[in-house]
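# Descriptive structure summary
If you want the building blocks of each chain, they are given just below.
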Amino acid sequence: MISVNDLSPAELAALLHFHADAGVEWLLEEEAVDRFAEFEAMKATRRSAPSSSQATETRQAPSRATPQVSARDAAPERSAQKPHPAIPDGEAVQQARFAAESARSLAELKTAIEAFSGCNLKNSARSTIFATGDAASGIMLIGSAPSADDDREGQPFAGRPGQLLDKMLAAIGLDRSGILLTQVVPWRPPGNRVPSAVEMDICRPFIERQIALAEPKAILLLGNFAARVFFGEGDTIHGLRGQWREIAVDGKVIPSIATLHPQDLLTAPINKRLAWNDLLAFRARLGSSQ
């Protein structure tokens, strides 16, 4: 095992960033908690509690002024304190579809997603990530899922991947403020895991409605998961990237191309040449449609 003392400041920073991306901060409290004080208070409560013999006498000789409540009568009160049962998956999908189709603008859709509670991803996420930028541009970028940085800052493509994306866009004459950026799912999966099939079924109406309302002329998909969701194939991003395909949403067909996610490029910089070719193809398609 490597000692912390053997790591350089840069290595320590990289290690902390890795743990943050893995979802360690999800286990932390928002404010510091004094566990020692809690323990002392618990011991004091136990000391002040009546002994078992006194408790037995109290149970055997109840006060006449106190009406006795049977277990059957007390059951409704206890059940009322339990959390509401989870919505069945099929019902959650229907509710998501109804909420999405009811929205007549991106602003209304954002409000509907923020109010939606049928997906368990929302329970562990800090923020609801919605599209940012200019929908009127006709250009839409869709990432795979919110990262830890996205969740903290409340916007898509934050942190180092977002900084790299800004450079990628600038290289082909684009800026994030002049296009529409969003994610396939609006909530960060714990530990950056891949959303389950059920979670994607629930979130699909929201991302499809974003596309329908934005009416983009072309879509750039970033990452393996986003490409699989829209292309319906189980291949990796290396097999799905660089090929123009069509996405059908709300009766409209939109040309789309996939490339590697900025996080993939930070992990394996050698693949930047592949992403660059995809970006050039995307820029050329935009130029021909304008």
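Since the structure is predicted, the reported quantities are computational estimates derived from the model, not experimental observations.

### Here we look at helix 10 (residues 197–214)
With 18 residues, helix 10 extends 25 Å from end C-alpha to end C-alpha; this agrees with the ideal 26 Å at 1.5 Å per step. The largest bend along helix 10 reaches roughly 40° and is located at C203, with the proline P205 sitting one to four residues downstream. Burial in helix 10 covers these residues: E199, M200, I202, C203, P205, F206, I207, R209, Q210, I211, A212 and A214. Of the residues flanking the end of helix 10, it is E215, one or two places downstream, whose phi is positive at about 50°.

### Observations concerning the pairing of strand 2 (residues 139–143)
Across the 5 residues of strand 2, 5 count as buried, placing the element largely inside the fold. Of the two faces of strand 2, the one lined by I139, L141 and G143 and the one lined by M140 and I142 are each fully buried. Taken together, the 5 bridges between strand 2 and strand 4 (residues 218–222) define a ladder with parallel strand orientation. Bridge pairing in strand 4 links G143 to L222. Across 4 bridges, the pairing between strand 2 and strand 3 (residues 180–183) is parallel. Within the sheet, the bridge partner assigned to M140 lies in strand 3 and is L180.

### Some points on the nonpolar core
Ranked by size, the top nonpolar core spans 67 residues in total, and within it L141, I142, V184, L221, F230 and F282 carry the most contacts. Ranked by residue count, the leading element in this core is helix 10, at 8 residues. Those residues within four positions of V184 in sequence are excluded, and the remaining contacts are I142, G143, S144, M200, C203, I207, F225, A226, V229 and F230.

### Brief notes about the pattern of salt bridges
A side chain with one charge can pair with a side chain of the opposite charge if their charged atoms come near. A full pass over the atoms with the stated rule returns 7 salt bridges. The closest approach of N and O atoms between R204 and E208, which form a salt bridge, is 3.7 Å. Taken as a pair, R204 and E208 lie in helix 10 at a separation of 4 residues, close to a single helical turn. With a relative accessible area of 27%, R204 lands in the partly exposed category.

### Here's the deal with the packing of aromatic side chains
In total, this model carries 2 aromatic pairs according to the counting rule given. Here the aromatic rings of F116 and F206 are separated by 5.2 Å at their centres, their planes lie at 75°, and the arrangement is edge-to-face. With a gap of 90 residues between them, F116 in the loop between helix 6 (106–115) and helix 7 (121–124) and F206 in helix 10 connect regions that are remote in the sequence. Under the relative-accessibility criterion, F206 is labelled buried at 1%. The ring centre of F231 lies 4.8 Å from the NZ or CZ of R245, which sits over that ring. The positively charged end of R285 is found above the aromatic ring belonging to W244, 4.8 Å away from the centroid.

### Section: the pairing of strand 6 (residues 252–259)
With 6 of its 8 residues buried, strand 6 lies for the most part within the structure. When strand 5 (residues 245–249) meets strand 6, the two strands line up antiparallel, connected through 5 bridges. In the strand pairing of strand 6, V249 is matched with K252. Between strand 5 and the antiparallel strand that follows it, strand 6, lie 2 residues; D250 among them carries a positive phi value of about 55°.

### With respect to the sheet that holds strand 5
With mixed pairing, 6 strands are arranged side by side in an open sheet as 1-3-2-4-6-5. A strand with exactly one partner marks an edge of an open sheet, and here the two such strands are strand 1 (132–133) and strand 5. Packing against the sheet, helix 10 makes contact with strand 2, strand 3, strand 4, strand 5 and strand 6, and its axis sits at approximately 170° to strand 2.

### Structural notes on helix 5 (residues 89–102)
Helix length check: helix 5, at 14 residues, gives a terminal C-alpha distance of 20 Å against a target of 20 Å (1.5 Å per residue), a fit within 8%. Within helix 5, burial applies to A92, V93, A96, A99 and A100. Down the axis, helix 5 shows its buried residues gathered within 130° of arc, on one side only. For helix 5, the exposed residues set more than 90 degrees away from the buried face come down to Q94 and F98. The inward-facing, buried residues of helix 5 abut helix 6 and helix 10.

Calculation criteria
Residues numbered from 1 in each chain as written. Predicted model: local features only at pLDDT ≥ 70, side-chain atom pairs only at ≥ 80, totals over all residues. Heavy atoms only, no water. Helix = DSSP H or I, 4+ residues; strand = E, 2+ residues; numbered from the N terminus. Expected span 1.5 Å × (residues − 1). Bend = angle between axes of the 7 residues up to and from the residue. Buried < 20%, exposed > 50% of the residue type's maximum accessible area, 1.4 Å probe, protein only. Pairing = 2+ DSSP bridges. Core = buried A, V, L, I, M, F, W, Y, C linked by side-chain atoms within 4.5 Å. Contact = heavy atoms within 4.5 Å. Salt bridge = Lys/Arg side-chain N within 4 Å of Asp/Glu carboxyl O. Phe/Tyr/Trp six-rings, centres within 6.5 Å; stacked < 30°, edge-to-face > 60°. Lys NZ or Arg CZ within 6 Å of the ring centre and 35° of its normal. Axes fitted to C-alpha atoms, helices over the stretch in contact; angles between N-to-C directions. Arc of directions from axis to C-beta.

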